[in-house]
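In case you want the letters, here they are:
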Amino acid sequence: MNAALERIEGASIPTFVVDTRAIAERVVADEIVALMRTRPTAVLGLATGDTPIGVYRELCAAHRAGGVSFARATTFNLDEYLDLDAGDGATFREWMQEQFFRHVDLARENAHLPESKPADPNLTAERYEAAITAQGGLDLQILGIGRNGHIGFNEPGSSRDSCTRVVRLHEVTRSDAVRAFGALARVPTRAITMGIATILDARRVRVLAFGARKKEIVRRTLLDPRSSACPSTFLRDHGDVKLFVDREAAALLHHAR
Ligand code: F6R
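Read on for an overview of the structure. (Residues numbered from 1 in each chain as written. Predicted model: local features only at pLDDT ≥ 70, side-chain atom pairs only at ≥ 80, totals over all residues. Heavy atoms only, no water.)

**Focus on the side chain of Thr221**
To keep things clear, this is the line we draw: By definition, any uninterrupted DSSP run of H or I lasting at least four residues is a helix, any uninterrupted run of E lasting at least two residues is a strand, and each is numbered from the N terminus. A 3.5 Å cut-off defines polar contacts: any pair of N or O atoms within that distance qualifies, except that in protein one atom must be a possible hydrogen donor and the other a possible acceptor, and neighbouring residues in sequence count only when both atoms are side-chain atoms. For this analysis, residues touch if any pair of their heavy atoms sits within 4.5 Å.
Structurally, Thr221 is set in helix α8 (residues 215-223). Of the polar contacts made by the side chain of Thr221, one reaches the side chain of Ser232; its length is 2.8 Å. In contact with Thr221, other than residues within four places in its own chain, are Ser12, Ile13, Ile145, Ser232, Thr233 and Arg236.

**Re the pairing of strand β11 (residues 241-246)**
Quick note on the threshold: Think of it in three bands: with a 1.4 Å probe and only protein chains considered, a residue is buried below 20% of the maximum accessible area for its type, exposed above 50%, and partly exposed in between. Pairing between strands is defined by DSSP: at least two bridges between them are needed. Consider the strands pointing away from the viewer: the crossover is right-handed when the path from the first strand over the helix to the second runs clockwise.
Extensive coverage of β11 is indicated by the burial of five of its six residues. Sheet topology places strand β2 (residues 15-18) next to β11; four bridges connect them, and they run parallel. Each residue of the ladder has a partner; that of Val18, found in β11, is Asp246. Pairing between strand β10 (residues 204-209) and β11: five bridges, direction parallel. Paired with Ala209 across the bridge in β11 is Val245. Where the polypeptide runs from β10 across α8 and back to β11, its parallel neighbour, the crossover connection is right-handed.

**Here we look at the site of the ligand**
Condition: Throughout, the term near means that a residue has one or more heavy atoms lying within 4 Å of the molecule or strand in question. Accessible surface is estimated by sampling points in the Shrake-Rupley manner with a 1.4 Å probe; for residues, cover comes only from the protein chains shown. Cavity and pocket criteria rest on a 1 Å grid covering protein atoms alone: a 1.4 Å probe that fits but cannot get out defines a cavity, protein on both sides within 12 Å along at least 5 of 7 lines defines an open pocket, and an atom within 4 Å of a point defines a lining residue. A cavity or pocket is said to hold a molecule if more than half of that molecule's atoms lie within 2 Å of its grid points. Here the nonpolar group is Ala, Val, Leu, Ile, Met, Phe, Trp, Tyr, Cys and Pro; Asp, Glu, Lys and Arg are the charged ones; every other residue, Gly included, is treated as polar.
Not every one of the 15 residues close to the ligand is listed here, only the nearest: Thr51, Asp79, His150, Gly152 and Lys214. In this structure, an oxygen atom belonging to the ligand sits 2.8 Å away from a side-chain N or O atom of Thr48. Separating an oxygen atom of the ligand from a backbone N or O atom of Asp50 is a distance of 3.0 Å. Look at the ligand: alone it shows 410 Å² of surface, and the protein chains cover 92% of it. At a threshold of 2 Å from the grid points, most atoms of the ligand map onto the largest pocket. Per-class residue counts for the shell around the ligand are three nonpolar, seven polar and five charged.

**Points about the packing of aromatic side chains**
Here is the rule: When two rings of Phe, Tyr or Trp (its six-membered ring) have centres within 6.5 Å they constitute a pair, described as stacked for plane angles under 30 degrees, edge-to-face for angles over 60, and tilted for the intermediate range.
Under the defined criterion, the tally for this structure stands at 10 aromatic pairs. The interplanar angle of 70° and the centroid separation of 6.0 Å between the aromatic rings of Tyr56 and Trp95 together place this pair among those described as edge-to-face. Separated by 39 residues along the polypeptide, Tyr56 in helix α2 (residues 53-64) and Trp95 in helix α3 (residues 92-99) bring together distant segments of the chain. Look at Tyr56 and you get buried, because its relative accessible area is 0%. With a centroid separation of 5.6 Å and an interplanar angle of 85°, the aromatic rings of Phe76 and Tyr128 are classed as edge-to-face. Of the two residues, Phe76 sits in strand β4 (residues 74-77) while Tyr128 sits in helix α4 (residues 121-134), which places them 52 residues apart along the sequence. Both residues of the pair, Phe76 and Tyr128, count as buried. Among the aromatic side chains, those forming a connected cluster through ring pairs are Tyr56, Phe70, Trp95, Phe100 and Phe101.

Below, the structure written as structure tokens:
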């Protein structure tokens, strides 16, 4: 692997420290490009938020340079807020549109996110899980970690066996989302998320965490007891997971080294 990646020996999840987030973004984007070249019909699991933004930037640049096509790919995003109108600028669909979809040749009908205002959210969630299964599962899932240990919107208390479902958002998740919504009162209280089992069924999982605001949750992800209290600890169960952290996010990992 890349010399710019310093592996933390003995960590409970294969963990790589990078000097700058750009290095990790490039490594993950390169892996996705390589996957798309060997398997043009790959099924990608996507995330939104600050963490993966540079990976999309790299993928868009690679596409522009003629280095990769998503024409035959399928994507499933981890999650979507409920109770927002379709087309609301705060939906994850709009975010994906802006950061990735409109810059590449992915067919719109192959870019899946749960609906944000479905008539029957439980049924929508059930069908989303079935659609992932019908595609043969996820080849590679990109993942960020919430400051409370959530992966997707699997908040503390989520079961290891959970599938795609309707969830209530945790207060930390909602207060972190004020950045996008402007005011807490505007942040939705519910969402649809892939479950922990759905995520762990992906054939590869690539997790990113950057900045000092993630240092405590990175420490807990690697060192806390594996439990629903911190859902990201379940990533230890995966056979092909890699965690990439910058120096700030790795600041509390002296014990893990
Ligand atoms: C996003 C998602 C969330 C985020 C997490 C970190 O689709 O499912 O789990 O990955 O909240 O968010 P950022 O990257 O904004 O710090």
